[in-house]
Amino acid sequence: MRFTDAPALVAYVGFYPVITESGQRVGTPRLSAVGSRIARRALYLAAVNAVRRSAEWRTIYLRKRAQGKSAKQALIVVAVKLLHTLYAMLKHRRPYNPSRLLVATATIGT
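Treat the numbers as computed from the prediction; the structure is a model and nothing was measured.

S.K.: Report on the overall build of the chain, specifying residues and quantitative values.
M.R.: Of the regular secondary structure elements, the chain holds four helices and four strands. Each helix and strand of the chain, placed in order from N terminus to C terminus, yields the pattern α-β-β-β-β-α-α-α. Once the C-alpha set of the chain is aligned to its principal axes, its extents read approximately 50 × 35 × 35 Å. Accessible area for the chain stands at about 8200 Å²; split by element, carbon and sulfur atoms hold 57% of it.

Written out as structure tokens, the structure reads:
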């Protein structure tokens, strides 16, 4: 594989925030301009479609909306999760399993 892990793939596509600060001025975070615009757009549209048609992806979207994220921010979270899922499917050579999507991550110390 070309990428060592899923975050490297996410960084390659450009789904990471860029924070512009200078002195006392604090800018609003925005998505990086680095990476493939075509891949970012395709993943964003895939996230929109996944939220519309799949209950599992809609749950992730609505959970982020309930946390106070804007609609676009929540869709970007879904797009990043799509990338992570795609990476895991290719790395482990397993088909998509929606039951593994909403599994909570283990907490440290338990």
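S.K.: Report on unusual backbone geometry, specifying residues and quantitative values.
M.R.: Phi is positive for Arg-93, close to 50°, though the residue is something other than glycine. Checked against the element boundaries, Arg-93 lands in the segment after helix 4 (71–92).

S.K.: Help me get a handle on helix 3 (residues 55–66), residues and values and all.
M.R.: Structural remark: α-helix, 3.6 residues per turn; residues separated by three or four positions point the same way. The end-to-end C-alpha separation of helix 3 is 16 Å, in line with the 16 Å expected for twelve residues at 1.5 Å each. Buried within helix 3 we find Trp-57, Ile-60 and Tyr-61. For helix 3, the angular spread of the buried residues around the axis is 95°, confining them to a single face. Against helix 2 (37–53) and helix 4 lie the buried residues of helix 3. A positive backbone phi angle near 100° is found at Gly-68, which sits one or two residues after helix 3.

S.K.: So, helix 2: which residues are in play, and what are the values?
M.R.: Here helix 2 is 17 residues long and its end C-alpha atoms lie 24 Å apart, about the 24 Å a rise of 1.5 Å per residue gives. Along helix 2, the positions that sit buried rather than exposed are Arg-40, Leu-43, Ala-47, Val-48, Ala-50 and Val-51. Along helix 2, the residues classed as buried sweep out an arc of 165° about the axis, all on the same side. For helix 2, the exposed residues lying more than 90 degrees away from the buried face are Ile-38, Arg-41, Arg-52 and Arg-53. Looking at the buried residues of helix 2, the elements they touch are helix 1 (6–13), helix 3 and helix 4.

S.K.: Any chance you could break down the side chain of Arg-40 for me, citing the residues and the numbers?
M.R.: Looking at where Arg-40 falls in the secondary structure, it is placed in helix 2. For the buried Arg-40, no salt bridge exists, and the shortest N-O distance to an oppositely charged side chain is 17 Å, to Asp-5. At a separation of 3.0 Å, a polar atom in the side chain of Arg-40 contacts the main-chain carbonyl oxygen of Val-34. When residues no more than four places from it in sequence are discounted, the contact partners of Arg-40 are Val-13, Gly-14, Phe-15, Ser-32, Ala-33, Val-34 and Gly-35.

S.K.: If you had to explain the packing of helix 2 against helix 4 to someone new, which residues and values would you point to?
M.R.: To characterise two packed helices, one gives the angle between the axes of the helices and the distance between these axes. Closest axis-to-axis distance for the helix 2/helix 4 pair is 8 Å, and the angle between their directions is 100°. Viewed along their axes, helix 2 and helix 4 adopt a mutual orientation that is roughly perpendicular. Between helix 2, through Leu-43, Tyr-44, Ala-46, Ala-47, Val-48 and Val-51, and helix 4, the contact on the second element is made entirely by Lys-72, Leu-75, Ile-76, Val-78, Ala-79, Leu-82 and Leu-83.

What counts and how
- Residues numbered from 1 in each chain as written.
- Predicted model: local features only at pLDDT ≥ 70, side-chain atom pairs only at ≥ 80, totals over all residues.
- Heavy atoms only, no water.
- Helix = DSSP H or I, 4+ residues; strand = E, 2+ residues; numbered from the N terminus.
- Areas by Shrake-Rupley, 256 points an atom, 1.4 Å probe, with all protein chains shown as cover.
- Expected span 1.5 Å × (residues − 1).
- Buried < 20%, exposed > 50% of the residue type's maximum accessible area, 1.4 Å probe, protein only.
- Arc of directions from axis to C-beta.
- Contact = heavy atoms within 4.5 Å.
- Lys, Arg positive; Asp, Glu negative; His and termini not counted.
- Salt bridge = Lys/Arg side-chain N within 4 Å of Asp/Glu carboxyl O.
- Polar contact = N/O pair within 3.5 Å; in protein donor to acceptor, adjacent residues only side chain to side chain.
- Axes fitted to C-alpha atoms, helices over the stretch in contact; angles between N-to-C directions.
- Parallel < 35°, antiparallel > 145°, perpendicular 65-115°, else oblique.

The values are spatial; any link to function lies outside them.
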